[in-house]
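# A structural walkthrough
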Amino acid sequence: QVQLVESGGGLVQPGGSLRLSCTASGLTFNFYTVGWYRQAPGKQRELVARITGGGSANYADSLKGRFTISRDNAKNTVYLQMDSLKPEDTAVYYCNAVWRSPSYWGQGTQVIVSS
């Protein structure tokens, strides 16, 4: 059974940082491209960043320079380092793993950026 578990969310002040983790089980992790998505209240889910099994990353244009995605295949984990956080980064952050079909989603972790 495939599971993706996100962690690391929470409440942070504007300008602060958080590191999210997505840990997978039940799949051959290095085969999968893993993406971080977010969904703010009343908005559609959007791609934040994704990284291939070999470590090639791409980002939403609006987030380049503030967010960094990385992975440790030995730990079956993908990270999202978020710096210089803004109130508009407030959302539930989800990870997604895709190789062939189906893709898999985690349950999400809440990030709130507020003073």
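Figured I'd write up the structure that's included with this text. None of these values were measured; they are calculated from a predicted model.

Calculation notes
Residues numbered from 1 in each chain as written. Predicted model: local features only at pLDDT ≥ 70, side-chain atom pairs only at ≥ 80, totals over all residues. Heavy atoms only, no water. Disulfide = S-S within 2.5 Å. Helix = DSSP H or I, 4+ residues; strand = E, 2+ residues; numbered from the N terminus. Buried < 20%, exposed > 50% of the residue type's maximum accessible area, 1.4 Å probe, protein only. Polar contact = N/O pair within 3.5 Å; in protein donor to acceptor, adjacent residues only side chain to side chain. Contact = heavy atoms within 4.5 Å.

### A word on the state of the cysteines
- One pass over the full model with this rule turns up one disulfide.
- The partner cysteine of C22 in its disulfide is C95, sulfur to sulfur 2.1 Å. Looking along the S-S bond of the C22-C95 disulfide, the torsion reads about 65°, which is the right-handed sense. Separated by 73 residues along the polypeptide, C22 in strand β3 (residues 18-25) and C95 in strand β9 (residues 91-98) bring together distant segments of the chain. Just as C22 is buried, C95 falls in that class too.

### As for the side chain of N96
- Its place among the elements puts N96 in strand β9.
- For N96, a relative accessible area of 6% puts it in the buried group.
- Separated by 3.2 Å, the side chain of N96 and the backbone oxygen of Y104 make a polar contact.
- Excluding residues that lie within four positions of it along the chain, N96 makes contacts with L4, T33, V34, G35, Y37, S103, Y104 and W105.

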